[in-house]
Amino acid sequence: MSHLIAPHGGTLVSRLVTGDAREALVAEAASLPRIELSAKQACDLEMIAIGAFSPLQGFVGQADFQSICRDMKLADGTLWPIPITLAVDADVKATLQVGERAALHHADGTLMAVIDVEEIFAHDKTLEIPSVFRTEDEAHPGVKQVMDEGDWLVGGTIHVVELVPQQEPGEQFTEHRLPPAATRAAFAERGWKTVAAFQTRNPIHRAHEYLTKCAQEICDGLLIHPLVGETKPGDIPADVRMDCYQVLIENYYVAERTLLAVMPAAMRYAGPREAVLHAIIRQNYGCTHFIVGRDHAGVGDYYGTYDAQLIFDEFTAADLAITPLKFEHAAYSHRAQGMVSAKTFPKIQGDQVFLSGTKVRELLQEGQRPPAEFTRPEVADVLIAWATSQVPAGA
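Residues numbered from 1 in each chain as written. Predicted model: local features only at pLDDT ≥ 70, side-chain atom pairs only at ≥ 80, totals over all residues. Heavy atoms only, no water.

Chemist: What should I look at first to understand the packing of aromatic side chains in this one?
Modeler: The geometry of two aromatic rings is summed up by the distance between their centres and the angle between their planes. In the structure shown here, the tally under the stated rule is 3 aromatic pairs. With a centroid separation of 5.6 Å and an interplanar angle of 25°, the aromatic rings of Phe187 and Trp192 are classed as stacked. For the pair shown, Phe187 and Trp192 are each scored as buried. Over the ring of Trp152 we find Lys93; its NZ or CZ atom is 4.3 Å from the centre of that ring. The side chain of Lys213 reaches across the aromatic face of Tyr253, ending 4.6 Å from its centre. (Phe/Tyr/Trp six-rings, centres within 6.5 Å; stacked < 30°, edge-to-face > 60°. Buried < 20%, exposed > 50% of the residue type's maximum accessible area, 1.4 Å probe, protein only. Lys NZ or Arg CZ within 6 Å of the ring centre and 35° of its normal.)

Below, the structure written as structure tokens:
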């Protein structure tokens, strides 16, 4: 496996505790102060535990928090764009003591981990929000999420006993929930030296398919890596999206050149900074290239169309080993009889098929198939079945 790209920071972290040590930790947790994790924090915990957030060993302390917000670096100089924090309110803070430990529980009651309480410090939202999101507008879902969080941050190393809560219904995707060590083993087994990762939180339509196949032409393999952690209301459910990915891969991709796995991260909708985080994560999973498309990790009109690509120009290979693959917006051209972008085909009035997400949802809810130039028919079938099941009887 020596030919695979090194993890970010050089070492693949694992914070999972097993065997006798796990049993001892579970017993100890029963008498510890309790912190209930938000959905975002539970996602972050899993990402730290499996090494997807390497080199982080836990939730960040104050020096790292300030350095990340101001300079996009950990205090030791390692590139890191978004602080991974454990926010608590004043009531919880009052139960904690620096130098002691606390038990981290999922909202359903499952004990997930124990944290070494190394620091407790004020949550400087006035620093974090404009730095990370480039806006302070509470209509931005990421901004609102931070605003609603506790006013104190707990920094410290975590010791994880459970990755996925017992009560999580149908969202576990056990077969596809591959940690970085497993994707790296799969790449090595297949002999892939170069791997392109495709991040998505939507079904793959024809333009996305085009980007991934361009990447397949220059890399040994493709990791289709949808995000199935915390997203925002209105996003298509993860199980429906997984059905779309599987039917598409079965019919339109070369199986031995394509791997489907899920990424259990929470979306922050932080645009450029989140694109960098997504690249770092994919390097940890063993990928050498990362597809960055139009308005990556964006929401609304908060970021310029290609800001998430331009940010990568600020870094050197010493900062970030993974290579961004920057793609223009692509669409189907009737005249070219195929997928094109502004780089590959002249713009002709009325030639290209472009549908907004809203328009596609309207078609689906009416049981109408989006045009084949936009969505593969097999994917449309899955989406129509889901969309029509969402329409109330008699509507």
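Chemist: Help me understand helix α12 (residues 357-365), please; the structure alone is not making it clear to me.
Modeler: For the α-helix, the turn length of 3.6 residues means that residues three or four positions removed from each other point alike. For α12, the set of buried residues is Val360, Leu363 and Leu364. The buried residues of α12 occupy an angular sector of 100° when projected down its axis, which confines them to one face. Backbone geometry just downstream of α12 places Gly367 in the positive-phi region, at approximately 75°. (Helix = DSSP H or I, 4+ residues; strand = E, 2+ residues; numbered from the N terminus. Arc of directions from axis to C-beta.)

Chemist: Explanation requested: the sheet that holds strand β14 (residues 338-341) in the structure shown.
Modeler: Through backbone hydrogen bonds, the strands of a sheet pair up, either in parallel or in antiparallel fashion. The 3 strands are arranged β14-β13-β15 in an open sheet whose pairing can be described as antiparallel. Strands at the two margins of the open sheet, each flanked by one partner only, are β14 and β15 (352-353). Pairing geometry for strand β13 (residues 330-333) and β14, over 4 bridges, is antiparallel. Along β14, the bridge assignment pairs Ser333 with Gly338. Packing against the sheet, helix α8 (residues 206-218) makes contact with β13 and β14, and its axis sits at approximately 110° to β13. (Pairing = 2+ DSSP bridges. Contact = heavy atoms within 4.5 Å. Axes fitted to C-alpha atoms, helices over the stretch in contact; angles between N-to-C directions.)

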